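Secondary and tertiary structure notes
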Amino acid sequence: MYSKNKKILSVKGMHDILPIDIGIWEFVENTIYNILNSYGFKKIITPIVEYTNLFKKTLYGSNDIFLKEMYSFQDKLNGEKLTLRPENTSGVIRSIIEHNLIHYGIKKIYYSGAMFRHEKPQFGRYRQFHQIGAEAIDYIGPDIDAEIIIMCNRIWKKLNIKNIILEINSIGDIEDRRLYNNDLIIFFKKYEYMFNSNELKKFYSNPISIFDTKNLEIIKIINLAPKLYNYINNNSIYHFEEIKKILLNNKIYFKINNYLVRGINYYNKTVFEWKDKDKNYSQNTICAGGRYDYLIEKISGKNIPGCGFAIGMERLIEKLKFNNFKKKEYKYDIYIIYKGKQAKLKSFLLAEKLRDIGKKVILHCEHKEKNSNIKSQIKLANKNKVKYSIIIGEKEIKNNTVIIKNMKYFFKKKQIEIPLLKIIDFFKNKKYNL
Ligand code: ATP
Ligand code: MG
């Protein structure tokens, strides 16, 4: 898209994550990775593009809208039908089967990266967004469902996230839902006139997906609808009760939401969402997941159960900012400023030596002419928020010295001149009495 003055802007609904936000992103990513690792999850990176057929298989039966939101295209060069992943569970499962990872005992896997959905962009809802998610494959019992939820709870605690609520539900098995869907259609018949065309389509392709609506009028009616929980089989009930027991035993509090379903249709039994209580609009789910015992069979014919979740990074970061999380910006130790050819050569050597002792160093490189004098270089050093500047001018070259300026006192002349040979000693021994 072009702006009015013909500048090329980013694609609608797709955003840059700017350097000023990278500190918080990396902090959040690393915190989550460490926790996932500590529970036995290993990282995987799958391609952003998969064959469209993969998603047709895994997402079949999800509401139509979801499939329509996919960025699918045909490769002009070889005619292959491809899709930018709208979620990563399908790709991860494809990879686990393709590389026979279960055979090697790799059953707990996590991923991180960009997903693509052609949704209506709004705050907290984008066309390219990022998820960190985890999948536990080949585990059949309720214990892994509970452990995954406990793991999420640890993430929120570690990040100091407040006012977040866990909602859980059991949606039973496919057979249970078939019966339930029939009764749901009968119930909603009299309210059908309130549905818009998208909701009608959603309702008739997969009736319970209507619970996923963001339409407040319909949500009121949903509260009167028959409850799926009354239809689910004993095995699912037992599974759900066990999870609740483990959660309560671990002092993880939850709300049972009998109308909680997922937009994607591959789930059965457990579903859960962590919602932001500080926000009451429809983009308040920060993390969502559940069990999918029939998904792997759809791709591979192998009857292997699974359970997982995904965290929406943009929503999590937004929440952290709302909770006044202090952004970590990159801090540099030293900015080296020089004037003259000889000073330039010395500066390069000095910068490398300082990096050898672990300092973060920005070496001034040639800018456009207005930045070439020492005064403007000092201004740039200040913009880069460095602690110290080292200045090597023509006079210093003659004297074989350097000037060290403490940038805290940018406007005052707080600086010393020391022999070039002493500089490593100055920084190494932390003689920062400047
Ligand atoms: P929603 O109900 O908000 O549409 P969803 O059910 O489509 O979410 P999932 O597919 O389960 O979401 O993805 C897990 C998480 O990824 C969501 O809880 C949310 O935090 C995030 N997410 C999903 N879609 C988007 C989007 N378009 N933009 C930003 N984050 C998103
Ligand atoms: Mg959605």
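In short, a report on the structure. Source: prediction; values computed, not measured. Counting from 1, residues in each chain are numbered in the order their sequence is written. Think of it this way: whatever chain is written first is A, whatever ligand is written first is 1, and the rest follow in order. Totals for whole chains, interfaces and linings use all residues, but because this is a predicted model, local features are given only for residues with pLDDT of at least 70 and pairs of side-chain atoms are given and counted only at 80 or more. Where side-chain values are given, they derive from all heavy atoms of the structure, hydrogens and water being excluded.

**Points about the site of ligand 1**
Let me state the cut-off plainly: Nearness is defined per residue: one heavy atom within 4 Å of the molecule or strand is enough. Polar contact is the term for a pair of N or O atoms within 3.5 Å; when the atoms are in protein, one must be able to donate a hydrogen and the other to accept it, and sequence-neighboring residues count only if both atoms are side-chain atoms. Only the protein chains shown count as cover for residues, and all accessible areas are computed by the Shrake-Rupley method using a 1.4 Å probe. Going along the chain from the N terminus, every DSSP run of H or I of four or more residues is numbered as a helix, and every run of E of two or more is numbered as a strand. Only Asp, Glu, Lys and Arg are considered charged, only Ala, Val, Leu, Ile, Met, Phe, Trp, Tyr, Cys and Pro nonpolar, and every remaining residue, Gly among them, polar.
Inspection of the region around ligand 1 gives 17 residues, with Arg-117, Glu-119, Arg-125, Lys-214 and Arg-262 positioned closest. One of the backbone nitrogen or oxygen atoms of Ile-286 is found 3.3 Å away from an oxygen atom of ligand 1. One nitrogen or oxygen atom from the side chain of Arg-315 is found 3.0 Å from an oxygen atom belonging to ligand 1. Protein burial of ligand 1: of its 580 Å² of free accessible surface, 94% is covered by the chains. Mapped by element, the contributors of at least two residues to the shell around ligand 1 are β6 (128-137), β10 (285-291) and β11 (306-312). Residue composition of the shell around ligand 1, grouped by class: seven nonpolar, four polar and six charged.

**Notes on the sheet that holds strand β9 (residues 268-276)**
Here is the rule we go by: Here, a strand pair is defined by DSSP locating no fewer than two bridges between the strands.
One open sheet holds the eight strands; their spatial order is β1-β5-β6-β11-β10-β9-β7-β8, and the pairing between them is mixed. Each having just a single partner strand, β1 (42-43) and β8 (254-256) make up the two edges of the open sheet. Pairing geometry for β6 and β11, over seven bridges, is antiparallel. Bridge pairing links Ala-136 to Cys-307 in β11.

**Regarding the pattern of salt bridges**
Using the following cut-off: Throughout this description, the term salt bridge denotes a Lys or Arg side-chain nitrogen within 4 Å of a carboxyl oxygen of Asp or Glu. Think of it in three bands: residues with accessible area under 20% of the maximum for their type are buried, residues over 50% are exposed, and the middle band is partly exposed, with areas taken using a 1.4 Å probe on protein chains only.
Within the structure shown, the criterion is met by 25 salt bridges. Note that Glu-242 and Lys-245 form a salt bridge whose closest N and O atoms lie 3.0 Å from each other. Pair noted here: Glu-242 and Lys-245 are both in helix α9 (residues 234-249), with a separation of three residues, about one helical turn. The exposure class assigned to Lys-245 is exposed, which follows from its relative accessible area of 54%. Through salt bridges with shared partners, a single ionic network connects Glu-167, Lys-255, Arg-262, Glu-273 and Lys-275.

**Re the nonpolar core**
Across soluble globular proteins, nonpolar side chains have a tendency to be buried as a group. Selection criterion: Buried Ala, Val, Leu, Ile, Met, Phe, Trp, Tyr and Cys residues form a nonpolar core when they are joined through side-chain atoms within 4.5 Å. Two residues form a contact once any of their heavy atoms are found within 4.5 Å.
Formed by 89 residues in total, the largest nonpolar core has its most connected members in Trp-156, Phe-188, Phe-211, Leu-247, Trp-274 and Phe-309. In terms of residue count, helix α5 (residues 142-158) provides more of this core than any other element does, nine residues in total. Excluding anything up to four places from it in sequence, Phe-188 contacts Phe-195, Phe-203, Ile-210, Phe-211, Ile-221, Ile-222 and Ala-225. Judged by nonpolar contacts, the second largest core, of 20 residues, contains Ala-343, Ala-351, Val-402 and Leu-434.

**Side note on the packing of aromatic side chains**
We apply this condition: What counts as a ring pair is set by centres within 6.5 Å for rings of Phe, Tyr and Trp (its six-membered ring), and what kind of pair is set by the plane angle: stacked under 30 degrees, edge-to-face over 60, tilted for all other angles. We count a charge as sitting over a ring when the NZ of a lysine or the CZ of an arginine lies within 6 Å of the ring centre and within 35 degrees of the ring normal.
Applying the stated criterion across every chain, the model contains 17 aromatic pairs. Judged by centre distance (5.5 Å) and plane angle (75 degrees), the rings of Phe-188 and Phe-203 are edge-to-face. Residue Phe-188 is found in helix α6 (residues 174-188), and its partner Phe-203 is found in helix α7 (residues 197-205); the two are separated by 15 residues along the sequence. Across the pair, exposure class does not vary: Phe-188 and Phe-203 are buried alike. Measuring from centroid to centroid gives 5.1 Å for Phe-426 and Phe-427, while their planes differ by 80 degrees, and the two rings are edge-to-face. The same class applies to Phe-426 and to Phe-427, which are both buried. Cluster of aromatic residues (ring-pair linked, three or more members): Phe-187, Phe-188, Tyr-191, Phe-195, Phe-203 and Tyr-204. Lying across the ring of Tyr-139, Lys-107 places its NZ or CZ 5.9 Å from the centre. Over the ring of Phe-322 we find Lys-279, and its NZ or CZ is 5.1 Å from the ring centre.

**A look at empty space enclosed by the protein**
Cut-off, in case you're wondering: Points on a 1 Å grid over protein atoms alone make up a cavity when a 1.4 Å probe fits among them but cannot get out, and a pocket when they form an open set with protein on both sides within 12 Å along at least five of seven lines; lining residues each have an atom within 4 Å of a point. Grid points are joined across faces, edges and corners, and a volume is the space filled by probe spheres set on the points.
Under the defined criterion, the tally for this structure stands at one cavity of 30 Å³ or more. The computed volume of the largest cavity comes to approximately 50 Å³. Taken together, Ile-171, Arg-177, Asn-206, Ile-208, Ser-209, Val-261, Arg-262, Ile-264, Asn-265 and Tyr-267 make up the lining of the largest cavity. Partitioned by chemical class, the residues of the lining of the largest cavity number five nonpolar, three polar and two charged.

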